[in-house]
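Descriptive structure summary
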Amino acid sequence: MNAIEITILSIVLMIALGYILKRIDFISVNDVDVLNNIVIYILLPCMIFSALYSADLSLIPQLGVLPFIILASSFVTGIISFFILKMLNLSDKKLWSVLVTVMIANTAFMGYPVNLGIYGHEGFLRAIFCDIATMIIFLILSFALVLKFGGSTKTAVKKIALFPPLWAIIMGISLNLLNIPIGPVLENTVNYLGDGAIPLIMLSLGISIDLAGIKRSKAMIIFTSIMKLAFFPLIALIIVSFLGLVDLQYNVTVIEAAMPSGMLSLILAITYKLDFELTSDCILINTVFSLVTLPLIIMLI
């Protein structure tokens, strides 16, 4: 088997393990929040920091274009989705509950392990830069939802400002550029913690899967899956081809664009009192669908 097959199968097995553990009542869906908090606040920041702290940052001028490709792909997909949803005469809350899942990709939780497994640390570095776009999209949508449904702009800004992975990016790049040593003990500790991120992410995804959501939200699940898993990466593919990107720049950007909907969508739905059950159904089911679409897209590029 090649690296792509090994990576995808490993991810599928870890997600399946999480789902099985839930089915046999070894762990509950109520534990997902705890696992996600451990990942977001400890393991994922360590993983990002470790990669950036040791990376060759002379590549930054080349990598700087990647977030803009993801941003452009997201907004093209979002604008088209908005007008389609408007024609379906959905209520504003339902429309935005769906729209956030179309625009926000799971560039970190799914994107990091996939690109790291296939392309190693060089692929992972590029995935981090793609994920910067996701944070920007999250912030822009937060402001849009504040204007649409009310709420505190201060809260939206605070959520991003205190987002641990963002600080991991800032600190990793800063300490690398300034050549500031953190010492072998701290460096080893950060590396060990970072290594735990991927398996815990995959187990958490498996525990979260609820196939009953297909019945509850069938039409919107089909819509978001088409727009997020097919149209979004198609737009990214057109842009990277137009820009003449090649090799890892090309592959990683398209793969990141092909990721399923991100959990940040659910944070927005809950924060702004949208139909968060619909948002959750769309996220979780198109994550399952992505286990089929992602390998196909990876093989095609």
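Everything here concerns the structure above.
Residues numbered from 1 in each chain as written. Predicted model: local features only at pLDDT ≥ 70, side-chain atom pairs only at ≥ 80, totals over all residues. Heavy atoms only, no water.

1. Remarks on empty space enclosed by the protein
Throughout the structure, instances matching the rule amount to two cavities of 30 Å³ or more. Approximately 50 Å³ is the volume found for the largest cavity. Forming the boundary of the largest cavity are Ile 8, Ile 11, Val 12, Met 110, Val 114, Ser 290, Leu 291, Leu 294 and Pro 295. Looking at the lining of the largest cavity, the elements that each hand over two or more residues are α1 (3-23) and α15 (276-300). Broken down by element, the lining of the largest cavity gets its largest block of residues, four residues, from α15. Looking at the second largest cavity, its volume works out to about 40 Å³. Tallying contributions element by element places helix α10 (residues 197-208) first for the lining of the second largest cavity, with three residues. (1 Å grid on protein atoms, 1.4 Å probe; cavity = no way out; pocket = protein on both sides within 12 Å on 5 of 7 lines; lining within 4 Å. Points joined across faces, edges and corners; volume = space filled by probe spheres on them. Helix = DSSP H or I, 4+ residues; strand = E, 2+ residues; numbered from the N terminus.)

2. A word on unusual backbone geometry
A positive phi angle is found at Asp 25, which is not glycine, with a value near 60°. Overall, Asp 25 belongs to the exposed group, its relative accessible area being 68%. Here the phi dihedral of Lys 273 falls at roughly 55°; this positive angle occurs in a residue that is not glycine. (Buried < 20%, exposed > 50% of the residue type's maximum accessible area, 1.4 Å probe, protein only.)

3. Some words on the layout of surface pockets
Put simply, the largest pocket is a space of about 1,100 Å³. For the largest pocket, the lining is made up of 42 residues, of which Asp 33, Asn 36, Met 263, Leu 266 and Ile 267 are closest to its centre. Of the residues forming the lining of the largest pocket, the biggest block, seven residues, is contributed by helix α2 (residues 32-53). Grouping the amino acids of the lining of the largest pocket by side-chain chemistry returns 24 nonpolar, ten polar and eight charged. Estimated volume of the second largest pocket: approximately 290 Å³. (Nonpolar A, V, L, I, M, F, W, Y, C, P; charged D, E, K, R; others polar.)

4. Concerning the pattern of salt bridges
Inspection of every chain in the model, using the stated rule, returns four salt bridges. Across the pair Asp 275 and Lys 94 runs a salt bridge whose closest N-O atoms are separated by 2.8 Å. Placement of the pair is Asp 275 in the loop between α14 (264-271) and α15 and Lys 94 in helix α5 (residues 92-103), with a sequence separation of 181 residues. The partner of Glu 122 in a salt bridge is Arg 126, and the shortest N-O contact between them spans 3.3 Å. Taken as a pair, Glu 122 and Arg 126 lie in helix α6 (residues 111-149) at a separation of four residues, close to a single helical turn. (Salt bridge = Lys/Arg side-chain N within 4 Å of Asp/Glu carboxyl O.)

5. Considerations on the packing of helix α4 (residues 66-87) against α5
Running from amino to carboxyl end, α4 crosses α5 at an angle of 155°, the nearest separation of the two axes being 9 Å. On the basis of the axis angle, α4 is roughly antiparallel to α5. Considering the relative orientation of α4 and α5, their crossing is right-handed. In this structure, α4 uses Ser 74, Phe 75, Thr 77, Gly 78, Ser 81, Phe 82, Leu 85 and Lys 86 to contact α5, whose residues at the interface are Asp 92, Leu 95, Trp 96, Val 98, Leu 99, Val 102 and Met 103. Classifying every residue of the contact of α4 with α5 by side-chain character gives nine nonpolar, four polar and two charged. (Axes fitted to C-alpha atoms, helices over the stretch in contact; angles between N-to-C directions. Parallel < 35°, antiparallel > 145°, perpendicular 65-115°, else oblique. Left-handed = near helix turned anticlockwise from the far one by under 90°. Contact = heavy atoms within 4.5 Å.)

6. Considering the nonpolar core
Of all hydrophobic cores here, the largest spans 96 residues; its most connected members are Leu 44 and Tyr 112. Each residue touching Leu 44, except ones within four places of it in the same chain, is listed here: Val 39, Ala 108, Phe 109, Tyr 112, Pro 165, Ala 197 and Ile 201. (Core = buried A, V, L, I, M, F, W, Y, C linked by side-chain atoms within 4.5 Å.)

7. Focus on the packing of aromatic side chains
Summed over all chains, the structure comprises four aromatic pairs. Relative to Phe 124, the ring of Tyr 112 has its centre 5.0 Å away and its plane inclined at 80°; by these criteria the two rings are edge-to-face. Assigned by exposure class, Tyr 112 and Phe 124 land together as buried. Grouped by ring-pair contacts, the aromatic residues Phe 82, Phe 83 and Trp 96 constitute a single cluster. Positioned over the ring face of Phe 232 is Lys 228, at 3.8 Å from the centre of the ring. (Phe/Tyr/Trp six-rings, centres within 6.5 Å; stacked < 30°, edge-to-face > 60°. Lys NZ or Arg CZ within 6 Å of the ring centre and 35° of its normal.)

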